[in-house]
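Remarks on the overall topology
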2 protein chains.
Amino acid sequence: MARTESRAGGAGGGPRRRADAERSIEAILDAAQAGLADHPQLTMAELARAAGVGRVTLYTHFASREAVLGAVLERAVDEASAAIEAAAPREGSAAEALDRLVRTSWRVLDRHRRLFAVAHAELPPADMRRHHERALAHVEQLIERGRDEGDFRSDLPTTWLLSAVYSLMHAAAEDVNSGQLTAEQAPEVLVAMILPAVRGR
Amino acid sequence: MARTESRAGGAGGGPRRRADAERSIEAILDAAQAGLADHPQLTMAELARAAGVGRVTLYTHFASREAVLGAVLERAVDEASAAIEAAAPREGSAAEALDRLVRTSWRVLDRHRRLFAVAHAELPPADMRRHHERALAHVEQLIERGRDEGDFRSDLPTTWLLSAVYSLMHAAAEDVNSGQLTAEQAPEVLVAMILPAVRGR
């Protein structure tokens, strides 16, 4: 995703320049991911220093702090998406698959909890949802399957079930950030709440 | 709450000056509530104009846009809190009371949906939760009662049940803002989801 948001490899850039650009982008995203977790106010100047690139290079790839945040978030969601695929959401009963999917997504969300808190505070809710689309598509397919198989409730719109799962996952992340839940409790309370909410019983 | 956040009626202010100050504060909060709903970027200068007060008066009462936003939010939550009290959360079974409480809170949340979206985007989650405390205290008491009476689940921490109710209510408001739900559907889908989530069946 960084690739489409960046201006790397444009006209006049040969393979060597393109490879340099991709290395810079990865360095920027790695530095932003680590930096934002400890220091949510991270500025573009601090980010350039931490990534070991010049400010011109940074701004060549990312026009703003918000663009960096969006790209780091997108990378974290890609990681969640890959983890969900690995958890085989199409296998077993829909309820069992949802249990696995919640636990798997939680592990990725937990790794990026601080980053998600910064993104949540700075990006509009519609942008947050858009960045999550790839991961949410798996949940949506699973909800549809659960409804077709009669395992999940069909009295509520799928979009709402999806919003509920999404908001509960992020509520648990906030509760861990604020010390109201431990990171170990979170997947247990999530599964215990999401399953009856989605099954309606 | 505006009163405690304002510096009105300080040393040297007689009853007349205090009354003037309170009128200014009400005018500022009314203008902010109406203005932010239509124009989330509302500046302090625009707010002073809309409220019909000078910029010095505005800054005397509120040091920043964030202070205004906090005070408007607090007033909306007070309104929710009063509506919840009027819905008699201590009467009937806990499940019936929670049904009433969700519908009543939704009506207030729906009236202030745009304001909550602005506050959600601009205030840190911990501040948002703090501003909601008075309304959430009613939900907490009701959850405790439901657990004592064996009607609500007792396998999950009360703080988590509270976070879940809070985040689902705000998820529904976001879905109405984005057009995924209608304002009429929202209380129905909320009750249909929150009850099994809190009862665990």
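- Looking up chain A in an unreviewed UniProt entry gives the name TetR/AcrR family transcriptional regulator, with the organism given as Yinghuangia aomiensis.

**With respect to the overall build of chain A**
- Assigned secondary structure in chain A consists of 11 helices and zero strands.
- Secondary structure of chain A in N-to-C order comes out as α-α-α-α-α-α-α-α-α-α-α.
- Projecting the C-alpha coordinates of chain A onto the three principal axes gives extents of approximately 55 × 40 × 25 Å.
- Counting every position in chain A, which comprises 201 residues, the buried fraction comes to 51%.
- Relative to all contacts within chain A whose residues are 6 or more apart in sequence, the contacts with residues 24 or more apart total 69%.
- If you sum the accessible surface of chain A, you get close to 9,000 Å²; carbon and sulfur atoms cover 51% of it.
- Treating the 25 positive side-chain charges of chain A as one cloud and the 29 negative ones as another, the clouds have centres 5 Å apart.

**Thoughts on the side chain of serine 24 of chain A**
- Among the structural elements, serine 24 of chain A can be located in helix H2 (residues 15-38).
- Setting aside residues up to four positions removed in sequence, serine 24 of chain A forms contacts with Val53, Thr57 and His61 of chain A.

**Some words on the interface of chain A and chain B**
- The interface of chain A with chain B comprises 30 residues on the first partner and 30 residues on the second.
- Interface area for chain A against chain B, summed over the two sides, is near 2,500 Å², with a carbon-plus-sulfur share of 68%.
- Put simply, chain A and chain B have zero salt bridges between them.
- Where chain A packs against chain B, one counts five residue pairs in polar contact (both at pLDDT 80 or more).

What counts and what doesn't
- Residues numbered from 1 in each chain as written.
- Chains lettered and ligands numbered in written order.
- Predicted model: local features only at pLDDT ≥ 70, side-chain atom pairs only at ≥ 80, totals over all residues.
- Heavy atoms only, no water.
- Helix = DSSP H or I, 4+ residues; strand = E, 2+ residues; numbered from the N terminus.
- Buried < 20%, exposed > 50% of the residue type's maximum accessible area, 1.4 Å probe, protein only.
- Contact = heavy atoms within 4.5 Å.
- Areas by Shrake-Rupley, 256 points an atom, 1.4 Å probe, with all protein chains shown as cover.
- Lys, Arg positive; Asp, Glu negative; His and termini not counted.
- Charge placed at Lys NZ, Arg CZ, Asp CG, Glu CD.
- Buried area = accessible area lost by both parts, 1.4 Å probe.
- Salt bridge = Lys/Arg side-chain N within 4 Å of Asp/Glu carboxyl O.
- Polar contact = N/O pair within 3.5 Å; in protein donor to acceptor, adjacent residues only side chain to side chain.

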